[in-house]
Amino acid sequence: MRRLPDLTLMLVTDAAMMARRGVVETSLAAVAGGVTVVQLRDKTASDESLTALARALRESLAPLGVPLIVNDRVNVAIAAEAEGLHIGQEDGSPAEARARIGTEMILGLSVTGPADVATVDPAVVDYVGLGPVIASATKADAAPPLGLDGTRAIGATLGLPWVAIGGIDVGNAAAIIATGASGLAVVSAIAAADDPRAAAAELRAAIQEGRVA
Ligand SMILES: Cc1ncc(COP(=O)(O)OP(=O)(O)O)c(N)n1
Ligand SMILES: Cc1nc(C(=O)O)sc1CCOP(=O)(O)O
Ligand SMILES: [Mg+2]
């Protein structure tokens with residue numbers, strides 16, 4: 001049976017934002033601040049270079065018990081022996097991805113609106129990334145933002161754990177987790193922060209606040 005990661009706070013990497021310290025060092029600082037799962041996301045690197053980075057990242061995260069999820073690229077996830085794969089609605093069928101990664105890897109699927117909910121089969125998919133909650137400059141081709149009410153309404157229909165994503169920062173994290181998300185997935189709030197560890201810790205505190213409110 002697959003072990004679902006602790007979805008409380010997912011860092012989604014961005015090489016350009018993380019260039020000062022590098023993806024591995026920035027990810028480790030974020031984990032020290034409270035990130036519970038790391039998703040390696042790179043739209044331009046070659047499969048070969050991304051596999052090398054994924055292997056290095058996984059070797060650093062494994063001793064800390066933090067799973068690595070690879071975005072988009074099934075071959076990289078498999079070659080790097082990542083704990084999981086995340087795919088979107090345009091990245092092929094979840095059933096085909098599951099057939100390729102096997103039954104042990106974690107599979108995440110993006111949902112951008114009500115029309116996508118029918119693609120979520122809990123027998124195939126382990127978690128959902130639901131968004132964008134708020135408009136985000138980080139993903140140029142993102143769908144229109146759902147807002148808090150839209151996120152809450154769609155999240156309630158998913159029937160499996162889901163993380164909210166898109167435009168999340170310490171100022172809105174509590175309100176977004178209060179929509180019913182299992183956790184939050186963020187890029188710039190941590191990846192672009194001067195102090196990724198402190199940024200992660202502030203987001204974790206905001207998540208805790210939103211959960212008890
Ligand atoms: C947790 C999480 N949710 C959504 C996404 C977006 O995935 P996708 O729609 O495939 O878009 P790209 O990230 O590939 O541009 C995600 N990566 N993670
Ligand atoms: C990778 C990604 N996926 C999204 C979706 O809506 O599916 S929004 C997004 C970018 C999120 O970046 P930031 O935290 O900097 O807003
Ligand atoms: Mg994708």
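Residues numbered from 1 in each chain as written. Chains lettered and ligands numbered in written order. Predicted model: local features only at pLDDT ≥ 70, side-chain atom pairs only at ≥ 80, totals over all residues. Heavy atoms only, no water.

Caption draft 1: Here's a closer look at the site of ligand 1. Around ligand 1, a shell composed of 15 residues is seen, among which Arg41, Lys43, Asp91, Ser110 and Lys139 lie nearest. Between Arg41 and ligand 1, the recorded distance is 2.7 Å, taken from a side-chain N or O atom to an oxygen atom. Lys43 has a polar side-chain atom sitting 2.7 Å from an oxygen atom of ligand 1. Isolated, ligand 1 exposes 420 Å² of accessible area, and the fraction of that covered by the protein chains is 91%. Judged by its atoms lying within 2 Å of the grid points, ligand 1 is housed in the largest pocket. Residues of the shell around ligand 1, tallied by class, amount to four nonpolar, six polar and five charged. (Near = heavy atom within 4 Å. Polar contact = N/O pair within 3.5 Å; in protein donor to acceptor, adjacent residues only side chain to side chain. Areas by Shrake-Rupley, 256 points an atom, 1.4 Å probe, with all protein chains shown as cover. 1 Å grid on protein atoms, 1.4 Å probe; cavity = no way out; pocket = protein on both sides within 12 Å on 5 of 7 lines; lining within 4 Å. Sits in = over half its atoms within 2 Å of the grid points. Nonpolar A, V, L, I, M, F, W, Y, C, P; charged D, E, K, R; others polar.)

Caption draft 2: Expanded view of the coordination of the magnesium ion (ligand 3). Binding of the magnesium ion (ligand 3) to the protein goes through Asp72 (OD) and Asp91 (OD), at separations of 1.9 to 2.2 Å. Taken together, the residues Asp72 in the loop between β3 (68-71) and α3 (74-79) and Asp91 in the loop between β4 (84-87) and α4 (94-101) connect sequence positions 19 residues apart. (Donors = N, O, S within 2.8 Å, 3.2 Å for Na, K, Ca; no water. Helix = DSSP H or I, 4+ residues; strand = E, 2+ residues; numbered from the N terminus.)

Shape descriptors only; they carry no functional weight alone.
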